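# Architecture at a glance
What follows is each chain in one-letter form.
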Amino acid sequence: MPEVKIRKIVSCTEEIYHEGGPKADTPLRRAAVVAVIENPFSGTFAEDIQPFMEDLKPLGLEMATRLIGLLGGDPALVEGYGKGAIIGAAGELEHGALWHAPGGYAMRDVLGGAKAIVPSSKKVGGVGARLDVPVTHIEASYVRSHFDSMEIGLNDAPRANEMVLTLVMTTGARVHNRAGGLQAGKIEGKDGLR
Amino acid sequence: MSADIRKIAVWVEETHQEIGKVISPATRKAVAVAVIANPFAGRYVEDLTPLMDIGAELGGLLGDKCVAALGISSDQAESYGKAVMVGENGELEHAAAILHPKLGAPLRKAVEKGAALVPSSKKMGGPGQVLDVPLGHKEAAYVRSHFDGIEVRLNDSPRANELMVAVAVTDSGRPLPRVGGLTHGAAEGIDGLR
């Protein structure tokens, strides 16, 4: 099994007080943890890539744990999440798909449940590529107030033989949400959708 | 006048490997950004004192955010820098008013001492534009291992009537410094230069 070789870890947080409207009593917080790792499959076509998902599990858990810390240390504060990957140019989009299971389940682990599917985006890109990571409510995907996204990217990654993996969490709705739809208070919480 | 803050973002990056060599302990850089309303957007105002006061407020706030994000005591900070990007309805002089007269003193309090000039940059720009914050050793500007920079970019800032104010702090120099010059250990830290 290939070892996960980490070149860089980045954490970023945003506190959003307003967006031209009334100032929020509690600012919305978004956080991302980004890992730049070597892509063990770069430059080759490997048929059997799934064992690397197992290798990525400890990294996923480390990143999810850091996210809780960045948002104040209490998993109960987290209401939205998302994940994503940018694969360096010597790799393949399919390599990014290896992040779905270890990234998603790590966040559910530290959140103690979370029924909704973790939204995701992935692409192949070069150094400086930006990725818009989609965010939805952790218990019910249809909660409209929590549809959001966070842009991540690093000027020096991913190099061709690397991949950038990210997890994102948020503490609530868009700061001036007023587009209707299912409200967080009306979640049934059975199927992960409503 | 205190700053009308729309958003605060904090970014921390750790470099664990560079060109295949393990960096232990990892070098770490933090940058904290406040996105604020430009009180003088769209008009010429002679007296920029209110922006100077905002500079003082943000120097302390953002310096503290960086130190907290790095999880260090203030005396462990090794280098610093500052920069402002002015939205298009502002004036480059607004950036100068925030950066130069009053921002430094509270920043130096946040990082303990700081005999050296705080390196800076300023520009006009729009949402998503990159701001490069220069970094230099906080006690002795000639310490060559600590000449560096960190990029900051927010997809939604600065809007036309906003200012994006950035302060960067590190607990280390470049990952693999080997171009000679004055070293961290040999710095006297009396005149701010050597």
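These numbers were taken from a predicted model, which means no experiment stands behind them. (Residues numbered from 1 in each chain as written. Chains lettered and ligands numbered in written order. Predicted model: local features only at pLDDT ≥ 70, side-chain atom pairs only at ≥ 80, totals over all residues. Heavy atoms only, no water.)

### Notes on the packing of helix 1 (residues 51–70) of chain A against helix 3 (residues 100–111) of chain A
To describe two helices that pack against each other, one gives the angle between their axes and the distance between the axes. All names here are of chain A. Definition in use: The convention used is that axes are lines fitted to C-alpha atoms, helices contributing only their stretch in contact, and that angles between N-to-C directions extend from 0 to 180 degrees. Going along the chain from the N terminus, every DSSP run of H or I of four or more residues is numbered as a helix, and every run of E of two or more is numbered as a strand. Roughly parallel means an angle under 35 degrees; roughly antiparallel means over 145; roughly perpendicular covers 65 to 115; every other angle is labelled oblique. Crossing handedness: left-handed means the near helix sits turned counterclockwise from the far one by under a right angle, and right-handed means the same turn made clockwise. Any pair of residues with heavy atoms lying within 4.5 Å of one another is described as a contacting pair.
For the pair helix 1 and helix 3, the least separation of the axes is 8 Å and the interaxial angle reads 40 degrees. Viewed along their axes, helix 1 and helix 3 adopt a mutual orientation that is oblique. The handedness of the crossing between helix 1 and helix 3 is right-handed. Seen from helix 1, the contacting residues are Met53, Leu56, Lys57, Gly60, Leu61, Ala64, Thr65, Leu67 and Ile68; seen from helix 3, they are Ala101, Pro102, Ala106, Met107, Asp109, Val110 and Leu111.

### So, the interface of chain B and chain A
Cut-off, in case you're wondering: Buried area counts how much accessible surface, traced with a 1.4 Å probe, disappears from two parts once they are put together, with both parts' losses summed. Salt bridges are defined by distance alone: a side-chain nitrogen of Lys or Arg within 4 Å of a carboxyl oxygen of Asp or Glu. Polar contacts, as counted here, are pairs of nitrogen or oxygen atoms within 3.5 Å of one another; within protein the pair requires one atom able to donate a hydrogen and one able to accept it, and residues that are adjacent in sequence qualify only if both atoms are side-chain atoms.
Listed per partner, the contact involves 21 residues of chain B and 24 residues of chain A. Both faces considered, chain B and chain A share a buried interface measuring about 2,100 Å² in area, 40% of it formed by carbon and sulfur atoms. Where chain B touches chain A, the interface holds five salt bridges. A salt bridge links B:Lys65 to A:Glu15; the shortest N-O distance between them is 2.7 Å. Our count for the chain B to chain A interface comes out at 15 residue pairs in polar contact (both at pLDDT 80 or more).

### A short note on unusual backbone geometry
As a reminder of what qualifies: For every residue, the accessible area obtained with a 1.4 Å probe (protein chains only) is divided by the maximum for its type, and the residue is called buried under 20%, exposed over 50%, and partly exposed between those limits.
Note that the residue after A:Ala157, namely A:Pro158, is joined by a cis bond; omega there is -5 degrees. The step from B:Ser24 to B:Pro25 runs through a cis peptide bond, and the omega angle for that step is 0 degrees. You can see B:Pro25 is positioned in strand 2 (residues 21–37). Of note, the phi angle at B:Glu112 is positive, near 60 degrees, even though the residue is not glycine. As for its placement among the helices and strands, B:Glu112 is situated in the loop between helix 3 (104–111) and strand 4 (120–124). One non-glycine residue, B:Lys113, adopts positive backbone phi at about 70 degrees. A relative accessible area of 52% places B:Lys113 in the exposed class.

### Quick notes on the pairing of strand 3 (residues 80–87) of chain A
All names here are of chain A. Heads up, the rule is: Here, any two strands with at least 2 DSSP bridges between them count as paired.
Most of strand 3 is tucked away: eight of the eight residues are buried. What you see with strand 3 is no split at all: Gly80, Gly82, Gly84 and Ile86 on one side and Tyr81, Lys83, Ala85 and Ile87 on the other are buried throughout. Of the strand pairs in this sheet, strand 3 and strand 5 (residues 130–137) are connected by two bridges, and their pairing is antiparallel. Within strand 5, the position partnered with tyrosine 81 by the bridge is threonine 136. As paired strands, strand 3 and strand 7 (residues 162–170) are joined by eight bridges and run antiparallel to one another. Along strand 7, the bridge assignment pairs alanine 85 with leucine 165. Inspection of the sheet shows strand 3 paired to strand 4 (residues 120–124) by five bridges, in the parallel sense. Following the sheet pairing, isoleucine 86 is matched in strand 4 by lysine 123.

### Describing the environment of A:Arg29
Residues and elements named next belong to chain A. As for its placement among the helices and strands, arginine 29 is situated in strand 2 (residues 28–38). In this structure, the C-alpha to C-alpha distance between arginine 29 and glutamate 14, residues 15 residues apart in sequence, is 5.5 Å. When near neighbours in sequence (up to four residues on either side) are disregarded, arginine 29 contacts Glu14, Glu15, Leu70, Leu71, Gly72, Met169, Thr170 and Thr171.

### A look at the state of the cysteines
Condition: By disulfide we mean two sulfur atoms from cysteines, separated by a distance within 2.5 Å.
Tallied over the full model, the rule gives zero disulfides over all chains. As a non-bridged cysteine, A:Cys12 has B:Cys66 as the owner of its nearest cysteine sulfur, 13 Å distant. Using a relative accessible area of 0% as the deciding quantity, one classes B:Cys66 as buried.

### Things to note about the side chain of A:Ser11
Inspection of the secondary structure puts A:Ser11 in strand 1 (residues 6–16). Among the residues examined, A:Ser11 registers a relative accessible area of 11% and is labelled buried. Those residues within four positions of A:Ser11 in sequence are excluded, and the remaining contacts are A:Ala32, A:Val33, A:Leu70, B:Val10, B:Trp11 and B:Val12.

### Topic: the environment of A:Ala90
Residues and elements named next belong to chain A. By the element assignment, alanine 90 lies in the loop between strand 3 and helix 2 (93–96). Here alanine 90 falls in the partly exposed class, since its relative accessible area comes to 32%. Distance in space between the C-alpha atoms of alanine 90 and asparagine 39 is 8.7 Å, their sequence separation being 51 residues. Residues contacting alanine 90, with those up to four places away along its chain left out, are Ser42, Gly43 and Ala160.

### Topic: the nonpolar core
Put simply, the test is: Take the buried residues of types Ala, Val, Leu, Ile, Met, Phe, Trp, Tyr and Cys, join any two whose side-chain atoms come within 4.5 Å, and each joined set is a nonpolar core.
Counting residues in each nonpolar core, the largest one holds 38 residues, and the members touching the most others are B:Ile36, B:Leu58 and B:Ile98. Those elements that provide at least two residues to this core are strand 1 (5–18), strand 2, helix 1 (49–70), strand 3 (79–86), helix 2 (92–99), helix 3 and strand 7 (162–170) of chain B. The leading source of residues in this core is helix 1 of chain B, at seven residues. Discounting residues that sit within four places of it in the chain, B:Ile98 has contacts with B:Ile36, B:Leu51, B:Ile54, B:Gly55, B:Val84, B:Leu103, B:Leu163 and B:Val165. In terms of nonpolar packing, the next biggest core, distinct from the first, is built from 35 residues, A:Ile37, A:Ile68, A:Val78 and A:Leu165 among them.

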